[in-house]
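Residues per chain, in single letters:
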Amino acid sequence: MGAKEVEAAFVKLLDEKGVNAVVGKRCDVIKTGCRGLCANDVLVDIITPDQGRVTYDFVKPEEVEKIIDEHIVNKTIIEKRKAKPYYNQFVDAQMRVVMTGCGQIDPDSIEAYMEEDGFKAIEKCIKSMKPEDVIEEVKKSGLRGRGGGGFPTGMKWSFCKASPGDHKYLICNADEGDPGAFMDRSLLEGDPFCIIEGMMIAAYAIGCDFGYVYVRAEYPLAVQRLQHAIDICYEQGYLGKNIKGWNFDFDMRIKMGAGAFVCGEETALMASIEGHRGMSRPRPPFPAVRGLWGKPTNINNVETFGNVRHIINKGGDWYASLGTDTTKGTKIFAVTGKVKHTGLVEVPAGMKIREVIYDVCGGIANNRKFKAVQAGGPSGGCIPSDILDTPVDYDSLIKAGAMMGSGGLVVMDETTCMVDVSRFFLNFTRMESCGKCVPCRIGLKVMLDILERITEGRGEMSDIETLQDLGVAIKKASLCGLGQTAPNPILSTINYFREEYEAHIADKRCPSNCCKELLLWQVVEDKCVKCGACKKACPVDAIVWEKGQLAWLDKEKCTKCKSCYDACRFMAIE
Amino acid sequence: MSESVELKTEEQEPEIDISIADAVIDKYINISGNLMPVLQGIQDEYGYIPRVVADHIAERLNVYPSQIYGVLTFYAQFHLKPRGRFIIRVCVGTACHVQGAPRIVETFFDKLGIGHAETTPDLRYTFEKVACLGACGMAPLAMVNDSTYGSMTVQKVDDIVADYNQRPLK
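Residues numbered from 1 in each chain as written. Chains lettered and ligands numbered in written order. Predicted model: local features only at pLDDT ≥ 70, side-chain atom pairs only at ≥ 80, totals over all residues.

**Q** Would you mind going over the interface of chain A and chain B with me for this structure?
**A** How big an interface is tends to be stated in terms of accessible area lost as the parts join. Contacts between the two partners involve 44 residues from chain A, matched on the other side by 36 residues from chain B. Secondary structure elements with two or more residues in the side of chain A that touches chain B: helix H11 (266-273), strand E7 (330-337), strand E11 (408-413), helix H16 (418-432) and helix H22 (563-567) of chain A. Sorting elements by how many residues they give to the side of chain A that touches chain B places E7 of chain A first, with three residues. Split into classes, the residues belonging to the side of chain A that touches chain B amount to 21 nonpolar, 15 polar and eight charged. (Contact = placed C-beta atoms within 7 Å. Helix = DSSP H or I, 4+ residues; strand = E, 2+ residues; numbered from the N terminus. Nonpolar A, V, L, I, M, F, W, Y, C, P; charged D, E, K, R; others polar.)

Laid out in structure tokens, this is it:
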């Protein structure tokens, strides 16, 4: 949001003042900076020989002149505008491996990438390693698929390598459809060359000569930057026939998705590339045996490819020294929702969820109480406060009833209703179901109807059992990952927050005051501190308030939009 | 192309220049799996996929029209009807949902008098709910064409609609 304007202002003014400096592209136009700290863009780093690196946040184009005059020309740091200590805390508590380049280098420049040891890893592979050695190194690193399933990457590569066939395909899955996760987008926008190199290494190891990157069409900037990077690679001979005289061929193309969540599932993704409806098919045969156009195909996630070059450069043993016994390395999480500092966070696997939320991201916003964190998107589950010390690795999260998924962590506070969240996810998965198999297509619809009834105060006690029975059946009987995991959010919330379901059904009340049909629309006089925040928030003037007086809600005028409810920091509206 | 002329009168579609579609098809004709890029390229040109063009693609690529319509109706990003000048997208992903996206959606419905995936009769607005635009840090989020509006409130909806009501349609 406005980063382009800020950059333009810097370029223009620096030019006018004759200052020698290079303006790097650090943030993108839609404000989610590759830095990870999305909520505080536009971030600007000024690096001078005297002061080192100083970061300013919330920079607006009109402030640029002042920053240049005082900081660069007069060499005084504008203390007032500097990012507050939380910024350093946010950065220092993390461990950046995959995201080292993101936010530090210009994603449009191959020279910037070369300075960061770009294409050294692929060179090392081709010149001094046999394909088998590369796979062995990746196996040794313990890297597991970052798309969510967590299948060991080295193993996957060796299966595809072992499949007979003269023509093999490599696919990078960038169909990041999970609402609440955006690390793939940031990687593609922030360090596209790193992904290309990761794919080249995989192609060399497996013996693929053609790669596709399947990107969501909702990510136009990612597509544009990646395409730009691919074009440069072709120009400079890093892609194409006989790359750099190494006797290695690899071609790459971007394939744009068209808005279907299920296309993140590998068989549906391949159907989509072939130009069909993105419907999944039963496995086996697995893609490693019969994949794209019937040829052996290897599919990995963007983040997985992002790890590869670091493993080759620093060695599988180094990578395996990070993380826990079962989950090696680091993992990027997108922490969003009701947390103070939302953004992308890369931490070593095995860090406790509590540390991620409180130490890195600053805890819960607006002085409210933590309720749960939703991990794994529509396929995952909720983790309540009493097991917040669960480490973030594949197996612990599954044990807690959630899953790693692609790494979205949506933090929920006491104003979030767990029944409503379940309904939200189910509504999403039902709409995105491809409709091929019955349990998913019809079962999810039936579950959604029940949940809607409950949130409207028309639920029955037996509904909870029915939801559980249906959920288990759908999980067992569905064809692909979408249906097999879609009931998870419901099952996990029933498990941890059964009392909320019961309150909706028995008392016809929503304990979090979230479900509209069950709200009373009145001000709780004991809790109201007469601040008037609700009046300012109300778009239809339905709140009557004078300075020093209790607020009063006019039900005639109220449109039940809940703006006042969110504005009130004292939970005084129910 | 006589059959497409018949369809045109039947469907009451505006005059459509098929040669634009042909140019896109020519670009991809020799690539395997070209149906999606062709449809995407053609939609970029017309703003939607007109019926005559869909049938024309079927003929040029030698696939059944049913397959084309199967693909068109499967993916959310293909449109069979003309779209508005301003496309309003409101993110209803998880982060936006917990931060209050539903009331933003409802307010837009109220203001514009259209529902999800509908277009106003004057072709000024098309409204869409979308799942995650990937900018969860600024939830709840709305987009009008390429402009992003973060931390949306009901009041901001009024401002946005007032602003775009004044902009020219062409």
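**Q** Explain the sheet that holds strand E10 (residues 381-384) of chain A to me, please; I cannot follow it from the model alone.
**A** Within a sheet, neighbouring strands are paired by backbone hydrogen bonds and run either parallel or antiparallel to one another. Residue and element names in this part refer to chain A. With respect to topology, five strands assemble into an open sheet ordered E8-E7-E11-E9-E10, the strand pairing being mixed. Single-partner strands in this sheet number two, and they are strand E8 (343-348) and E10. Within the sheet, the average angular offset between the axes of one strand and its neighbour, ignoring direction, is 30°. Two elements, E7 and E11, share four bridges in a ladder whose sense is parallel. Note that in E11 the partner of Thr 336 across the bridge is Val 410. (Pairing = 2+ DSSP bridges. Axes fitted to C-alpha atoms, helices over the stretch in contact; angles between N-to-C directions.)

**Q** What am I meant to see in the sheet that holds strand E3 (residues 125-130) of chain B here?
**A** Residues and elements named next belong to chain B. Here five strands make up an open sheet; going across it, the order is E2-E3-E1-E4-E5 and the pairing mixed. Two strands close off the open sheet at either side, each with one partner strand: strand E2 (118-119) and strand E5 (147-149). Bridge analysis of strand E1 (residues 86-91) against strand E4 (residues 142-144) gives three bridges, and the strand direction is antiparallel. Paired with Val 90 across the bridge in E4 is Ala 142. Against the sheet, helix H7 (residues 101-112) makes contact with E1, E3 and E4, and its axis sits at roughly 155° relative to E1, the strand it touches most.

**Q** Help me out: how do you make sense of the packing of helix H8 (residues 183-190) of chain A against helix H10 (residues 220-235) of chain A in this one?
**A** The description of two packed helices rests on the angle between their axes and on the distance between the axes. Residue and element names in this part refer to chain A. H10 packs onto H8 with a crossing angle of 35° between their chain directions and a minimal axis gap of 8 Å. At the point where H8 passes H10, the crossing takes the left-handed sense. Between H8 and H10, the residues in contact are Arg 185, Leu 188 and Glu 189 and Leu 221, Ala 222, Arg 225 and Leu 226, respectively. Of the residues belonging to the contact of H8 with H10, the class tally is four nonpolar, no polar and three charged. (Left-handed = near helix turned anticlockwise from the far one by under 90°.)

**Q** Explanation requested: the domain arrangement of chain B in the structure shown.
**A** When its domains are assigned, chain B resolves into domain 1 (2-74) and domain 2 (86-166). On a C-alpha basis, the centres of domain 1 of chain B and domain 2 of chain B stand 30 Å from each other. (Domains from an automatic or database assignment.)

**Q** Sorry if this is basic, but what is going on with the pairing of E3 of chain B here?
**A** As a general feature of sheets, a regular strand has side chains that alternate between the two faces. Residues and elements named next belong to chain B. In terms of residue burial, E3 counts as a mostly covered element, since six of its six residues are buried. Side chains of E3 alternate between two faces, with Tyr 125, Phe 127 and Lys 129 and Thr 126, Glu 128 and Val 130 buried alike. The pairing of E1 with E3 spans six bridges and is classified as parallel. Residue pairing across strands places Arg 89 opposite Glu 128, the latter belonging to E3. Here two bridges tie E2 to E3, and the two strands are oriented antiparallel to one another. Paired with Thr 119 across the two strands is Thr 126, which belongs to E3. Counted between consecutive antiparallel strands, the loop separating E2 from E3 contains five residues, among which Leu 123 sits at a positive phi close to 60°. (Buried ≥ 20, exposed ≤ 12 C-beta atoms within 10 Å, placed from the backbone.)

**Q** Explanation requested: the domain arrangement of chain A in the structure shown.
**A** In terms of domains, chain A is made up of domain 1 (3-83), domain 2 (110-320), domain 3 (330-413), domain 4 (418-507) and domain 5 (520-574). Relative to domain 5 of chain A, the C-alpha centre of domain 2 of chain A lies at a distance of 53 Å.

**Q** I'm lost on the confidence of the model for chain A in this one. Help?
**A** Caution applies to low-pLDDT parts of the model: their predicted coordinates are not meant to be read in detail. Residues and elements named next belong to chain A. Put simply, chain A has an average pLDDT of 85, and 88% of its residues get 70 or more. Considering each helix and strand of chain A separately, the mean pLDDT is smallest for helix H1 (residues 3-16), with a value of 64, and largest for helix H18 (residues 462-477), with 96. Low pLDDT (under 50) marks residues 20-38, which in the prediction has 69 contacts with non-local residues, meaning those over four places away or in another chain. (pLDDT = per-residue confidence, 0-100.)

**Q** Got a minute to help me understand the packing of H16 of chain A against helix H17 (residues 438-455) of chain A in this structure?
**A** Residue and element names in this part refer to chain A. At a minimum axis distance of 9 Å, the contact between H16 and H17 shows a crossing angle of 150°. Comparing the axis directions of H16 and H17 gives the class roughly antiparallel. Read as a crossing pair, H16 and H17 show a hand that is left-handed. Across the interface between the two elements, Val 419, Asp 420, Ser 422, Arg 423, Leu 426, Asn 427, Thr 429 and Arg 430 of H16 pack against Leu 444, Lys 445, Met 447, Leu 448, Leu 451, Glu 452, Ile 454 and Thr 455 of H17. A breakdown of the residues in the contact of H16 with H17 according to their chemical character gives seven nonpolar, four polar and five charged. (Parallel < 35°, antiparallel > 145°, perpendicular 65-115°, else oblique.)

**Q** Please explain the environment of Asp 122 of chain B as it appears in this structure.
**A** When you line up the elements, Asp 122 of chain B lands in the loop between E2 and E3. Here the alpha-carbon distance between Asp 122 of chain B and Arg 85 of chain B, two residues 37 residues apart in the chain, equals 9.3 Å.

**Q** Please explain the nonpolar core as it appears in this structure.
**A** Residue and element names in this part refer to chain A. By size, the foremost hydrophobic cluster in this structure holds 188 residues, and its most contacted members are Met 199, Ile 201, Ala 202, Val 215, Val 335, Val 356 and Val 373. No other element matches helix H9 (residues 192-206), which puts 12 residues into this core. Every residue in contact with Met 199, bar those within four places of it in the chain, is listed here: Leu 170, Cys 172, Gly 211, Met 252 and Phe 305. Core analysis: the second largest hydrophobic core is formed by 13 residues, Val 523, Cys 538, Trp 545 and Cys 568 among them. (Core = buried A, V, L, I, M, F, W, Y, C linked by C-beta atoms within 7 Å.)

**Q** Looking at this structure, how should I read H10 of chain A?
**A** Residues lying three or four places apart along an α-helix face the same way, a consequence of the helix completing one turn every 3.6 residues. Residue and element names in this part refer to chain A. Helix length check: H10 (16 residues) gives 23 Å between terminal C-alpha atoms against 22 Å at 1.5 Å per residue, within 8%. Considered for burial, the residues of H10 that qualify are Ala 222, Val 223, Arg 225, Leu 226, Ala 229, Ile 230 and Cys 233. Where H10 is buried, its residues contact H8, H9, strand E4 (210-215) and strand E5 (251-256). Downstream of H10 by a residue or two, Gly 237 has a phi angle that is positive, lying close to 80°. (Expected span 1.5 Å × (residues − 1).)

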